[in-house]
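A closer look at the structure
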Amino acid sequence: MENTVINETVFTQLLVDVGEDMLPALVDVFNEETTERIADLQALMTSVDNDKVAQSCHSIKSSAGTYGALIVQQHAEELEIMAKSNSTAEVQAKLPLLIKSLEDAISALTLKCD
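In this report, the structure presented in the accompanying data block is examined.

Right, let's get into the overall build of the protein. Looking only at helices and strands, the protein has 5 helices and 0 strands in total. The dimensions of the protein, computed from C-alpha atoms along their principal axes, are 40 × 25 × 20 Å. Out of the 114 residues in the protein, the part that is buried amounts to 37%. For the protein, long-range pairs separated by at least 24 residues make up 70% of all intrachain contacts whose partners lie at least 6 apart in sequence. In the protein, the 7 positive side-chain charges and the 19 negative ones have mean positions that sit 7 Å from each other.

The following block contains the structure:
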């Protein structure tokens, strides 16, 4: 996997699919929803609920892939599997990486639409 926050190929295809006029609004929605998810994940860091983590990561995985945030998608997929396996210690260790990659994706997408 390439080591960039946003995969250019995926992002360019999204731009083609939705159009230049619509993309900034979609990115705004992604950023707002992702900010809410970050808050939820931060709360789960102290009191892990594996079912909630798995559910949240499943949603994050799908939306991140749409915008080309493949590192986020990878972390979310790994966390979803860990949470479904009730690997609480691993979930607690991996949550900060997902949160950081989500924050990086928000920043990168914002820059792309400015």
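What follows picks up the thread again.
Below, the discussion takes up the nonpolar core. Judged by nonpolar contacts, the single largest core of 30 residues is most densely connected at Leu 41, Val 72, Leu 79 and Leu 98. Elements represented by at least two residues in this core include exactly α1 (8-18), α2 (23-46), α3 (50-67), α4 (70-84) and α5 (88-113). Counting residues per element, this core draws most heavily on α5, at 9 residues. With sequence-adjacent residues up to four places away left out, Leu 41 is seen in contact with Ser 56, Ile 60, Leu 95, Leu 98, Ile 99 and Leu 102.

The next thing to look at is the pattern of salt bridges. Per the stated rule, a full pass over the model turns up 5 salt bridges. Close ionic contact of Lys 94 with Glu 78 constitutes a salt bridge, the shortest N to O distance being 2.3 Å. A residue pair is termed long-range when its members are at least 10 positions apart, and Lys 94 in helix α5 and Glu 78 in helix α4 qualify at 16 residues. On the basis of relative accessible area, Lys 94 is assigned to the buried category, the value being 12%. A salt bridge links Glu 80 to Lys 84; its shortest N-O distance comes to 3.1 Å. With a gap of 4 residues between them, Glu 80 and Lys 84 both fall in helix α4, about one helical turn apart. Classification of Glu 80 by relative accessible area gives buried; the value is 5%. Residue class for Lys 84 comes out exposed when judged on its relative accessible area of 59%.

What counts as what
Residues numbered from 1 in each chain as written. Predicted model: local features only at pLDDT ≥ 70, side-chain atom pairs only at ≥ 80, totals over all residues. Heavy atoms only, no water. Helix = DSSP H or I, 4+ residues; strand = E, 2+ residues; numbered from the N terminus. Buried < 20%, exposed > 50% of the residue type's maximum accessible area, 1.4 Å probe, protein only. Contact = heavy atoms within 4.5 Å. Lys, Arg positive; Asp, Glu negative; His and termini not counted. Charge placed at Lys NZ, Arg CZ, Asp CG, Glu CD. Core = buried A, V, L, I, M, F, W, Y, C linked by side-chain atoms within 4.5 Å. Salt bridge = Lys/Arg side-chain N within 4 Å of Asp/Glu carboxyl O.

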